[in-house]
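Summary of the model geometry
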Amino acid sequence: MSFYPPQPSSEPQSEAELLEKAQAIAGLSLAQLAEMAGVSVPDNLQKEKGWGGQLIEYHLGATAGSKPVPDFEHLGIELKTLPINQQGRVLETTFVCVAPLTGNIGQQWQTSHVCNKLKRVLWVPILAERTIPIADRIVGYPILWSPSDSEYNALKQDWEELMELICLGKVSEITAKHGQFLQLRPKAANAAIRTQAIGQDGEPIMSPPKGFYLKKDFTQAIINRWLG
Amino acid sequence: MPIQILSPQLANQIAAGEVVERPSSVVKELLENSLDAGATKIEIDIEKGGSQRIRIRDNGSGIDKAELHLALSRHATSKVCEIADLEAIASLGFRGEALASISSVSRLTLTSKTAEQTEAWQAQAEGRDMQVEVKPAAHPIGTTIDVVDLFFNTPARRRFLRTDKTEFNHIEEVVKRIALSRFDVQIKLSHNGKMVKHFRSASDDAGQLKRIATVCGNQFTEHVLLLDCEYDLVKIRGWLGEPQVARQQRDIQYCYVNGRMMRDKLVNHAIRQAYESRISTEQHAAYVLFIEVDPKQVDVNVHPAKHEVRFHQARLIHDYIYQAIHSALNQQLVELSENLHNQNDFSFDQETGECFSKDDHQVHLYSGQQAPSLFEREIAEAPANGYQPSFRSQSHSSASNSSVTPSVHSQIEHYSELVSPVKNTEPLAELAKVKSATTFSEQDADNAVLSLLPPSQILFKHQQKLFMLSQSAFLQMMLQAKLKFTWSEPAAKAQPLLLPVAIKVDQALLNQFQLAQGLLSGLNFTVSIPTPNTLVIQKVPAIFRETNLAKVIPNWLQSLDKADVDGQEYPEAAMNKLISVSLSSQEELTWQDVISEVKDYNQISEQDFCYHAAQFATELPYQRFI
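Residues numbered from 1 in each chain as written. Chains lettered and ligands numbered in written order. Predicted model: local features only at pLDDT ≥ 70, side-chain atom pairs only at ≥ 80, totals over all residues. Heavy atoms only, no water.

Thoughts on the overall build of chain B
Applied cut-off: By the criteria applied, helices consist of DSSP H or I runs no shorter than four residues and strands consist of E runs no shorter than two, each listed in order from the N terminus. Buried, partly exposed and exposed residues are distinguished by accessible area as a fraction of the type maximum, computed with a 1.4 Å probe on protein chains only: under 20%, between the cut-offs, and over 50%, respectively. Residue contacts are counted whenever heavy atoms from the two residues lie within 4.5 Å of one another. Using the Shrake-Rupley algorithm and a 1.4 Å probe, accessible areas are obtained, with residue cover drawn only from the displayed protein chains.
Each helix and strand counted, chain B has 19 helices and 24 strands in total. For chain B, the residues scored as buried account for 48% of the 626 residues in total. By sequence separation, contacts in chain B at least 24 residues apart represent 68% of the contacts at least 6 residues apart. Of the roughly 31500 Å² of accessible surface on chain B, a fraction of 50% belongs to carbon and sulfur atoms.

Quick look at the pairing of strand 21 (residues 494-504) of chain B
Residues and elements named next belong to chain B. Condition: For two strands to be treated as a pair, DSSP must find no fewer than two bridges joining them.
Buried residues dominate strand 21, accounting for nine of its 11 residues. Judged from the seven bridges that link them, strand 21 and strand 23 (residues 534-541) form a sheet pairing that is antiparallel. Opposite Ile503, over in strand 23, you have Leu535 as the bridge partner.

Details of the side chain of Ser25 of chain B
Residues and elements named next belong to chain B. For clarity, the cut-off: Under this definition, polar contacts are N or O atom pairs within 3.5 Å; protein pairs additionally need one hydrogen-donor-capable and one acceptor-capable atom, and for neighbouring residues in sequence, both atoms have to be side-chain atoms.
On the secondary structure map, Ser25 appears in helix 2 (residues 23-36). Taking relative accessible area as the criterion, Ser25 reaches 12% and is therefore assigned buried. Looking at Ser25, its side chain comes within polar contact range of the main-chain nitrogen of Glu21, at 3.0 Å. Once you skip the residues sitting within four places of it in the chain, Ser25 turns out to touch Val19 and Val20.

Quick word on the sheet that holds strand 12 (residues 260-261) of chain B
Hydrogen bonds along the backbone pair up the strands of a sheet, which may run parallel or antiparallel. All names here are of chain B. Rule in force here: Axes, fitted as lines to C-alpha atoms, cover a helix only where it is in contact. Angles between the N-to-C directions of the axes lie from 0 to 180 degrees.
Overall, mixed pairing links the five strands, which are arranged 9-10-13-11-12 in an open sheet. Each of the sheet's edge strands pairs with one partner strand only, and the pair in question is strand 9 (224-231) and strand 12. Judged from the five bridges that link them, strand 11 (residues 253-257) and strand 13 (residues 287-293) form a sheet pairing that is parallel. Looking at the pairing, Tyr254 lines up with Val288 of strand 13. Its contacts with the sheet put helix 7 (residues 164-181) on strand 11, strand 12 and strand 13, and the angle it makes with strand 11 is roughly 55°. Contacts between helix 8 (residues 205-216) and the sheet are confined to strand 9, strand 10 (234-241), strand 11 and strand 13, with strand 10 contributing the most and set at about 60° to the helix.

Describing the pattern of salt bridges
Convention followed: Between Lys or Arg on one side and Asp or Glu on the other, a salt bridge is scored when a side-chain nitrogen of the former is within 4 Å of a carboxyl oxygen of the latter.
Evaluation of the coordinates by the stated rule reveals 21 salt bridges over all chains. For Asp149 of chain B, the salt bridge goes to Arg107 of chain B, with nearest N and O atoms at 3.2 Å. Note that Asp149 of chain B is positioned in the loop between strand 6 (142-148) and helix 6 (155-159) and Arg107 of chain B in strand 3 (residues 107-113), a separation of 42 residues in sequence. A residue is classified by how much of its surface remains accessible, and Asp149 of chain B, at 27% relative accessible area, is partly exposed. Residue Arg107 of chain B is classed as partly exposed on the basis of its relative accessible area of 41%. A salt bridge links Glu173 of chain B to Arg177 of chain B, with the nearest nitrogen and oxygen atoms 3.6 Å apart. Of this pair, Glu173 of chain B and Arg177 of chain B are both found in helix 7, four residues apart, which corresponds to roughly one turn of the helix. Sharing partners across several salt bridges, the network here consists of Glu78, Lys80 and Lys117 of chain A.

Describing the sheet that holds strand 1 (residues 41-47) of chain B
Residue and element names in this part refer to chain B. Spatially, the eight strands line up as an open sheet ordered 5-4-3-6-2-1-7-8, and their pairing is mixed. A single partner strand is all that each edge strand has here, and the edge strands are strand 5 (131-137) and strand 8 (194-199). Strand-to-strand, the axes of this sheet are offset by a mean angle of 15°, without reference to chain direction. The strands that helix 2 touches are strand 1, strand 2 (53-58) and strand 6; relative to strand 2, the one it contacts most, it runs at about 10°. Across the face of the sheet, helix 7 comes into contact with strand 1, strand 7 (186-191) and strand 8 while running at roughly 175° to strand 7.

With respect to the packing of helix 14 (residues 471-488) of chain B against helix 17 (residues 572-583) of chain B
Residue and element names in this part refer to chain B. For clarity, the threshold we go by: Angles are sorted into four bins: roughly parallel if under 35 degrees, roughly antiparallel if over 145, roughly perpendicular if 65 to 115, and oblique for all others. Definitions for this section: a left-handed crossing has its near helix turned counterclockwise from the far helix by less than a right angle. A right-handed crossing has that turn clockwise.
Interhelical geometry of helix 14 versus helix 17 gives an angle of 135° and a closest axis separation of 10 Å. Here helix 14 lies oblique to helix 17, going by the angle between them. Where helix 14 crosses over helix 17, the handedness of that crossing is right-handed. For the pair helix 14 and helix 17, contact is made by Ser472, Leu475, Gln476, Leu479, Gln480, Leu483 and Trp487 and by Glu572, Met575, Asn576, Leu578, Ile579, Ser582 and Leu583, respectively.

Points about a nonpolar patch on the surface
Residue and element names in this part refer to chain B. Applicable threshold: Patches in this entry comprise residues that are over 30% relatively accessible and not in a salt bridge; like charges within 9 Å are linked, as are nonpolar side chains (Val, Leu, Ile, Met, Phe, Trp, Tyr) within 5 Å.
Together, Leu6, Leu10 and Ile14 make up a nonpolar patch on the protein surface, roughly 260 Å² of accessible area in all. In this structure, Leu10 sits in helix 1 (residues 8-19). A relative accessible area of 38% means that Leu10 is categorised as partly exposed.

Re the packing of aromatic side chains
Inclusion rule: Here a Phe, Tyr or Trp ring, Trp counted by its six-membered ring, pairs with any other such ring whose centre lies within 6.5 Å, and the pair is stacked when the planes are under 30 degrees apart, edge-to-face when over 60, and tilted otherwise. Whether a charge sits over a ring depends on NZ of Lys or CZ of Arg being within 6 Å of the ring centre and within 35 degrees of the ring normal.
As enumerated under the stated definition, the model contains 13 aromatic pairs over all chains in all. When the centroid spacing of 5.7 Å and the interplanar angle of 70° are considered together, the rings of Trp109 of chain A and Tyr152 of chain A count as edge-to-face. Of this pair, Trp109 of chain A sits in the loop between strand 2 (94-99) and helix 4 (113-118) while Tyr152 of chain A is found in helix 5 (residues 149-167), placing the two residues 43 residues apart along the sequence. Each member of the pair Trp109 of chain A and Tyr152 of chain A is classed as buried. By the ring-pair criterion, three or more aromatic residues cluster together here, those being Trp123, Trp145, Phe181 and Phe218 of chain A. Taking NZ or CZ as reference, Arg185 of chain A lies 4.0 Å from the ring centre of Tyr213 of chain A, over its face. Of note, Lys65 of chain B hangs over the ring of Trp121 of chain B, and the distance from its end group to the ring centre comes to 4.1 Å.

Here's the deal with helix 2 of chain B
Residue and element names in this part refer to chain B. What counts, and what does not: One less than the residue count of a helix, multiplied by 1.5 Å, gives the span that helix is expected to have.
For helix 2, built from 14 residues, the straight-helix expectation of 20 Å at 1.5 Å per residue is met to within 8% by its first-to-last C-alpha distance of 20 Å. Within helix 2, the full set of buried residues consists of Pro23, Ser24, Ser25, Val26, Val27, Lys28, Glu29, Leu30, Leu31, Glu32, Ser34 and Leu35. Count one or two residues on from helix 2 and you reach Gly38, which has phi positive near 80°.

Some thoughts on the confidence of the model for chain A
What counts is decided by this rule: Each residue carries a pLDDT value, the predictor's own confidence for that position, ranging from 0 to 100.
Of all residues in chain A, 93% have pLDDT values of 70 or greater, and the mean over the chain is 86. Per-residue pLDDT stays below 50 along residues 1-7 of chain A; that stretch engages in 20 contacts with residues further than four places along the chain or on separate chains.

Notes on the side chain of Lys176 of chain B
By the element assignment, Lys176 of chain B lies in helix 7. In this view, Lys176 of chain B contacts Lys197, Phe199, Val215, Tyr254 and Tyr256 of chain B; residues no more than four positions away in its chain are not counted.

Structure (structure tokens):
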């Protein structure tokens, strides 16, 4: 039993320490966490999509930010917040990382960012039903997770399929329906943003930036398995 | 029209529609047959653009007399014999359709002699049933196929033929493509009796380059880079035209996969990408490229004319081709200007292709993000508050080359880095589950709930006796039994709540909490105090998982007296208070609720049930119900 307020602190040095930190903030509201961090709670998250995640990162001492390496790089652990409702249903897909549309030559699953980020994940559920004001949203109990063999292989298959489309110039044909668990969706502040990609004939084209997302089925299965 | 089986001739003519588009397709099919037969000398005689005559003579292995009639039948081939062969096709042809198709739309004569035979034989197929007639003939070892009057019986197709000159140009193009694929084969091409091309067999680089010059012109061979690299399952050899000899047309693009000439999208895509930014969008790279892959890694049975193939590991092959060409072109650039790459302030991350600025203190934006988020701005401005988060960016360049040119070999090594899948490592240590009920049969069980008696009464039997129990008493009893079990059983594990419950507390309640700490930990509650006015219930005994803890726990804490928590073996008073606050919020039970409660109960202990049933239940005279 811990009776001390969690000190927002430096990078955790071990998996156990990270888990302890995450457990220490479980049950607190975002308002309480924001107060402890000395930041204000935004009125809505439309414009500040990653606010919740960043707040949690801050409290757990993550350093990687939005870089393509795990949040806790030296521990090899990625932090992911998971919006759920009161009944424990996952409410949204989970952003994994930006999908590189160029420079993928020789890219392999084992060295890919998706694989890197999903090797070991600290899932932090957040009670985030739309009806609950942001300040009152509650941080859930952390789940430290690694993919099972079958999950790993399913992710790998999805990734291979999506990367093939990206690399062979079919990025514009990709819809969220590709992939069983991993999907590729536009990832940008607005629809006008474009980034470089590769076209049908190997020529450079402009495409909306894409991100890898985990479908809800996948994260729900993690929660369900944890609940037993 | 009734349904009927097509005559062999008509079936072949239909197939010919796919395979034999124009004279040059006949030449292609026949040349491939010659090469598959191991010919080293091939003579091609064309008359009137091929519409009058296409004669191809080779010194290959020839066809045995007994097989001659089969050679002209459809679906007859010596190149595959079972489905497994299709998975690794090493020959150029394999469908067994070419000769039958061609002979159905022309007058075809096949003359052949094998090394074993003392005489040559000639075969010709005629009529609706394509009966094959075999006659003796004079011919050296090898095969001659004489195709006369192409499309004489298919006027529709004949009308599509262009001028003799155009058709011959197509033939010449086919011959050139095949000539480039086999430097070791001597090929002569003549039109209307005049020798047009003579490709001598070339064994050394100079001879090969000469043949390339014959096909692609001297300008190409003077500005060419030799490419030769091999990795595991892919081998690439070829000549790349330097960017300055890029063409306005796609006329010097010769690509071969396992010796088969190819216009494959994937290969073209990779090559185009490799030349990117070296040639303009209107230009086309010039190249002669040979790609060798394990036949098992490629499916050629995709396109009737076999212009396309399908690679099993399409992306890896694509990337490999790109890389090979890209680095060869770069190598040339490096030689041109050594200092080209020395001015870069960015480190190039090979894996992402992203450039990281070396400025350490900048907030990093993902692609598409235009400005730092509110959080990032606030936290960057915030005064030292406990600690400063380090949004320290590490430049991931240490492992990468300082040169933009990735070393081919280091990149290629990525292919072989086969890391074994991550095993599912140990689950949360705290996570343990109370076994759920396994089997429960109402007939067998000693404790059986028989019925619900409205209002709020439960009828159940126990050891041949009937009991009636009020719903509240039933729940009370169940809860008491469970509490007792949890209290006394060290194996009863706490379960973390997915959504821990925070309770606002004042000083008074905090004091009560201090008082009840022993009780809470005895029952396997885990409660933390993250801020001075908040209690957070993080783990609970299994029985409280569904309880409204935010209400029950504060009510219970408030109701506790000092006397309740004294060091007894089982703090009955405190537990009874917990039971009463827990049950006050209960609603009417359904049959399902009762059944699941009893299931749970059976898991705990029969003795407990007896003990408690006796306390609460009213025993009913058994006879009244019989």
